[in-house]
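# A look at the structure
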Amino acid sequence: DETIYGPEFTIRFNQHRSAQIMAIPAPGVSDGQGMALLEEVFRETMPGSMDYNYMGMSFQTKEAAAGVSPALIFGFSLLVVFLILAAQYESWALPWSVLLTTPIAVMGAFMMIALRGFNNDVYTQIGLVMLIGLAAKNAILIVEFARVRLSEGESITDAALDAARQRLRPILMTAIAFILGVLPLVTASGSGAESRQILGSTVMGGMLAATFLSIFLVPATFALVERLSGGGAHNETPPETGAGS
């Protein structure tokens, strides 16, 4: 008799015989880059009769990337925030004062991701959705105060400038506290550090841009939207004077 040695267990995946590969990306390589490299090596070395698939978190990452478009998710998030602000202010125009500065926060997030050499993956997209609410928060503080000043009889320009001056300190205090709060995510280490670093970098970059750039644009967008929508026009027109008998 001839003794033949084989594996102790036969692994099957989707009813096919398979071999399980556990791969850990090198430091500085994201999960998406690691999977792309693994697929490239497989195509170059394996015969055409063999195929591959993912399981666990890698499978979920692939499904998320191939599922609903990130642009659709981002657009739907903007729509929800817009409708909530429209209901709160009872106006279809004022939410634009808040949301028109959101692209500045998105630009800051992508700049931070590019500087750190990360990819636009699912963690980046989660951070971008978070940024919509975080960036809108700063703008809401200015717009809310400007509306109060406008209702008290100030002109649109004076209301916007007064709101920017009065709300500067609370905006800076809350924004800096939040940025320092996500610093442990940006400098994370150990198991799963890559995902935490991507998420933290996205939020930090977006908040830095929203705090130190958008804060100067919100009063301008508020004044622009008010003039285009005709709001506060009565405050811009000087009162007429006439002689009485």
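Up top is the structure.
In this text the structure is predicted, and so the values were computed from the model without any measurement. (Residues numbered from 1 in each chain as written. Predicted model: local features only at pLDDT ≥ 70, side-chain atom pairs only at ≥ 80, totals over all residues. Heavy atoms only, no water.)

## Let's talk about the nonpolar core
Membership of the largest hydrophobic core comes to 38 residues, with the highest contact counts inside it found for Val98, Val143, Met207 and Phe222. Of all the secondary-structure elements, those providing two or more residues to this core are helix H3 (70-89), helix H4 (94-99), helix H5 (102-115), helix H6 (122-151), helix H7 (156-181), helix H9 (193-212) and helix H10 (214-229). Discounting chain neighbours no more than four positions away, the residues touching Val143 are Tyr89, Leu94, Ser97, Val98, Val218 and Phe222. (Core = buried A, V, L, I, M, F, W, Y, C linked by side-chain atoms within 4.5 Å. Buried < 20%, exposed > 50% of the residue type's maximum accessible area, 1.4 Å probe, protein only. Helix = DSSP H or I, 4+ residues; strand = E, 2+ residues; numbered from the N terminus. Contact = heavy atoms within 4.5 Å.)

## So, the environment of Arg147
Here Arg147 shows up in helix H6. For Arg147 and Ala163, which are 16 residues apart along the polypeptide, the C-alpha to C-alpha distance reads 8.8 Å. When residues no more than four places from it in sequence are discounted, the contact partners of Arg147 are Tyr89, Leu94 and Phe222.

## A short note on the pattern of salt bridges
Inspection of every chain in the model, using the stated rule, returns three salt bridges. A salt bridge links Arg149 to Glu154, with the shortest nitrogen-to-oxygen separation between them at 3.9 Å. Each of Arg149, Glu152, Glu154 and Asp162 takes part in a single network of salt bridges with overlapping partners. (Salt bridge = Lys/Arg side-chain N within 4 Å of Asp/Glu carboxyl O.)

## Description of the side chain of Glu39
With respect to the helices and strands, Glu39 occurs in helix H1 (residues 31-45). On the accessibility criterion, Glu39 (12% relative accessible area) is buried.

## Considering H6
Its 30 residues give H6 an end-to-end C-alpha distance of 43 Å, which sits within 8% of 44 Å, the value for a rise of 1.5 Å per residue. At Leu131, H6 shows its largest kink, close to 30°. Following H6 by one or two positions, Gly153 adopts a phi angle in the positive range, close to 110°. (Expected span 1.5 Å × (residues − 1). Bend = angle between axes of the 7 residues up to and from the residue.)

## Describing a nonpolar patch on the surface
A surface patch of nonpolar side chains, about 640 Å² in accessible area, is lined by Phe76, Leu79, Val80, Leu83, Ile84 and Trp92. Within the secondary structure, Trp92 sits in the loop between H3 and H4. Taking the relative accessible area as the measure of exposure, Trp92 reaches 61% and is therefore exposed. (Patch = residues over 30% accessible without salt bridge, like charges linked within 9 Å, V, L, I, M, F, W, Y side chains within 5 Å. Areas by Shrake-Rupley, 256 points an atom, 1.4 Å probe, with all protein chains shown as cover.)

From the geometry alone we can't say anything about function, so treat these as descriptive.
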